[in-house]
Amino acid sequence: MPPIVIGNPAALKDLVGREIGVSEWLMVTQERVAQFAEATEDRQWIHLDAARAVAESPYGTMIAHGFLTLSLLSHFIRDVITVTDRVRLVVNYGLNRVRFPAPVKVGSRIRARVALAALTDVSDSLDATFSVTVESEGSTKPNCVAEWIVRYYI
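Residues numbered from 1 in each chain as written. Predicted model: local features only at pLDDT ≥ 70, side-chain atom pairs only at ≥ 80, totals over all residues. Heavy atoms only, no water.

> In this structure, what is going on with the pairing of strand 7 (residues 125-136)? I would like to understand it.
Within a regular beta strand, the side chains point alternately toward one face of the sheet and then the other, so they alternate between its two faces. For strand 7, a buried count of ten out of twelve residues is recorded, marking the element as mostly surrounded by other parts of the structure. Note: strand 6 (residues 109-122) against strand 7, twelve bridges, orientation antiparallel. Bridged to alanine 115 within strand 7 is serine 131. Remark: two residues form the turn of the hairpin made by strand 6 and strand 7, two consecutive strands paired antiparallel. (Buried < 20%, exposed > 50% of the residue type's maximum accessible area, 1.4 Å probe, protein only. Helix = DSSP H or I, 4+ residues; strand = E, 2+ residues; numbered from the N terminus. Pairing = 2+ DSSP bridges.)

Written out as structure tokens, the structure is:
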């Protein structure tokens, strides 16, 4: 489904307290996990050693890094909403809360449910606090639950 298009950041106020949308599914491949391991210097066996993960992991398989899942929030947000006008710059302002209730198993598909929790005026910008829940196909527990602040400079 194409993203919701918002003409300017102020129009986000109509979405506060509502789910904006659900992203498309994204396959979490071993190649993506290995590239993230190299980029972050986090080469723990649970992410890279299939035989050991099957034998020793409580999940029975390799899993993605929690921070990999978290880093995909920007992809998921772009998949759900686009602000087109009166924006000089959009930046990641930070996170209020992040939890990883369930692992993302390599080879699974994930998507995000995105809601707008708050919109705050700042001198030359607006802070949008998005509530994002990442879920795996077929799983009952979310993989990541986060409050993410995106700053829209106007």
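After that view, the rundown keeps rolling.
> I would appreciate a short explanation of the pattern of salt bridges in the present structure.
Applying the stated criterion to the full structure yields nine salt bridges. A salt bridge links glutamate 41 to arginine 43; the nearest nitrogen and oxygen atoms lie 2.9 Å apart. By relative accessible area, glutamate 41 is classed as exposed at 56%. Overall, the relative accessible area of 40% leaves arginine 43 in the partly exposed class. Between arginine 111 and glutamate 135 there is a salt bridge; the shortest N-O distance is 2.6 Å. Of this pair, arginine 111 sits in strand 6 while glutamate 135 sits in strand 7; the two residues are 24 residues apart in sequence, bridging distant segments of the chain. Overall, the relative accessible area of 17% leaves glutamate 135 in the buried class. (Salt bridge = Lys/Arg side-chain N within 4 Å of Asp/Glu carboxyl O.)

> Would you mind going over the packing of aromatic side chains with me for this structure?
We describe a pair of aromatic rings using the distance from one ring centre to the other and the angle between the two ring planes. The final tally for this structure, using the stated rule, is zero aromatic pairs. Positioned above the aromatic ring of tyrosine 93, the side-chain terminus of arginine 151 is 3.8 Å from the ring centre. (Phe/Tyr/Trp six-rings, centres within 6.5 Å; stacked < 30°, edge-to-face > 60°. Lys NZ or Arg CZ within 6 Å of the ring centre and 35° of its normal.)

> Before we go on, may I ask you to explain helix 1 (residues 30-40) in this structure?
Val33, Phe36 and Ala37 are the residues of helix 1 that are buried. Angular distribution of buried residues about the axis of helix 1 spans 105°; they occupy a single face of the element. Exposed residues on helix 1 whose side chains face more than 90 degrees from its buried face are Glu31, Gln35 and Ala39. Looking at the buried side of helix 1, the elements it contacts are helix 2 (45-48) and helix 4 (66-71). (Arc of directions from axis to C-beta. Contact = heavy atoms within 4.5 Å.)

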